[in-house]
Amino acid sequence: MPFHVEVRSPLHHARVFNIGDAELQEILKPWIAGHTFELGEQEWEPRESKLTILEGRALDGPDLAYGQGWSNALRSAEDVTRRLIEAAETETPLPPVVVVEADSVDAAAAQMASGNNGSTPIEWAEARKRIDDPKIAAVVLVVKGP
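Everything in this summary refers to the structure shown in the same document. (Residues numbered from 1 in each chain as written. Predicted model: local features only at pLDDT ≥ 70, side-chain atom pairs only at ≥ 80, totals over all residues. Heavy atoms only, no water.)

Considerations on the packing of aromatic side chains
- Under the criterion given, the structure shown has two aromatic pairs.
- Centroid distance Phe17 to Trp70: 6.2 Å. Interplanar angle 55°. Geometry classified as tilted. Remark: Trp70 occurs in helix 3 (residues 69-76) and Phe17 occurs in strand 2 (residues 13-19); sequence separation between them is 53 residues.
- For Phe17, a relative accessible area of 24% puts it in the partly exposed group.
- Classification of Trp70 by relative accessible area gives buried; the value is 7%.
- With 6.1 Å between their ring centres and 70° between their planes, Trp31 and Phe37 make a pair best called edge-to-face. (Phe/Tyr/Trp six-rings, centres within 6.5 Å; stacked < 30°, edge-to-face > 60°. Helix = DSSP H or I, 4+ residues; strand = E, 2+ residues; numbered from the N terminus. Buried < 20%, exposed > 50% of the residue type's maximum accessible area, 1.4 Å probe, protein only.)

What follows is the structure, given as structure tokens:
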């Protein structure tokens, strides 16, 4: 069955209808990773947007006419957003996230360099929320070499 997708922000929205699994993955992968992606000739930031994925019958011309496509999709399809996001997250496990608390960035770096980093593991959802916290002095991303 095809998918119908809506991405919505406070000011804009984009919808695509009758897409297959491959096209859906082009939306889901960056969404889960928190990366900006393009849909409907616009760039979307997952943290600032809402994603809705419906799975149902293909909508043809009359179903899509006069701007009624999304209303018809809502009536004839099932909202599978949560299920597909959870499934995609388990297929592509995210790397661990840890928090190191210190009085300064230099103190945190020295603490990590000493091997006694006092890190606390947290979930990605919590990390994403905390990044916007004004108390956060630094975010360190460690990338593995090739």
